[in-house]
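# Structural features, examined
The residues making up each chain are set out below.
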Amino acid sequence: MTDLTFNDKMVLVQFAIQKYENEAILIEKLKTILPEKDAQRSIDTLIGTQRVRRIGPEILENNISHTELPDLPDHLKPIIDNL
């Protein structure tokens with residue numbers, strides 16, 4: 001598992017949500033990079049800060065009407081591409 005900062009994890013999860021909206025699939029994909037607990041905690045933090053919103057019981061969506069999607073750092077691009 002990659003050693004990522006807190007902000008790296010948040011950005012990574014936001015871009016993963018953009019790629020996979022279904023929460024169960026998202027967590028399965030993120031398990032290859034983050035422990036499941038970290039992935040879930042990141043999702044909960046993003047929901048709490050209103051960067052991500054829950055649409056129904058299983059669908060997550062970036063809340064781009066409230067906050068813009070951050071720029072993807074170069075060191076995270078290969079990780080997102082391999083998800």
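Provided above is the structure to which this section pertains.
## Observations regarding the overall build of the protein chain
Counting its secondary structure elements, the protein chain contains four helices and two strands. What you see in the protein chain, going N to C, is helices and strands ordered as α-α-α-β-β-α. The C-alpha radius of gyration computed for the protein chain amounts to 12 Å, which stays within 12% of the reference 12 Å derived for 83 residues, consistent with globular compactness. For the protein chain, the C-alpha atoms occupy an extent of roughly 30 × 25 × 20 Å along the three principal directions.

## Looking at the pattern of salt bridges
A full pass over the atoms with the stated rule returns seven salt bridges. Between Glu 36 and Lys 31 there is a salt bridge; the shortest N-O distance is 3.6 Å. Owing to a relative accessible area of 45%, Glu 36 belongs among the partly exposed residues under this scheme. The shortest N-O distance in the salt bridge between Asp 38 and Arg 41 comes to 3.3 Å. Taken together, the residues Asp 38 and Arg 41, both in helix 3 (residues 36-48) and three residues apart, mark about one turn of the helix. Because the salt bridges share partners, they merge into one network encompassing Lys 9, Asp 38 and Arg 41.

## So, the pairing of strand 1 (residues 52-55)
In the sheet, strand 1 pairs with strand 2 (residues 59-62) via four bridges, with the strands oriented antiparallel. Along strand 2, the bridge assignment pairs Arg 54 with Leu 60. Between the antiparallel neighbours strand 1 and strand 2 lie three residues, among them Gly 56 with a positive phi of about 80°.

## What about the nonpolar core?
Formed by 23 residues in total, the largest nonpolar core has its most connected members in Leu 4, Val 13, Leu 26, Leu 30, Ile 33 and Leu 83. Counting residues per element, this core draws most heavily on helix 1 (residues 6-19), which supplies seven residues. Not counting the four nearest positions on each side in its chain, Val 13 is found in contact with Leu 30, Leu 34, Ser 42, Ile 43 and Leu 46.

About the cut-offs
For every chain, the first residue of the written sequence is number 1, and numbering continues from 1 along that sequence. Restriction of local features to residues with pLDDT of at least 70 applies here, the model being predicted, together with a cutoff of 80 or more for giving and counting side-chain atom pairs; totals for whole chains, interfaces and linings are based on all residues. Note that the side-chain values use all heavy atoms of the structure and ignore hydrogens as well as water. Secondary structure is summarised from DSSP: a helix means a run of H or I of at least four residues, a strand means a run of E of at least two, and numbering begins at the N terminus for each. Each radius of gyration reported is based on C-alpha atoms, and the globular scaling rule is 2.2 Å times the count of residues to the power 0.38. The salt bridge criterion pairs a side-chain nitrogen of Lys or Arg with a carboxyl oxygen of Asp or Glu, the two atoms within 4 Å. Buried, partly exposed and exposed residues are distinguished by accessible area as a fraction of the type maximum, computed with a 1.4 Å probe on protein chains only: under 20%, between the cut-offs, and over 50%, respectively. Any two strands with at least two DSSP-identified bridges between them are counted as paired. To define a nonpolar core, start from buried Ala, Val, Leu, Ile, Met, Phe, Trp, Tyr and Cys residues and group those joined through side-chain atoms within 4.5 Å. For this analysis, residues touch if any pair of their heavy atoms sits within 4.5 Å.

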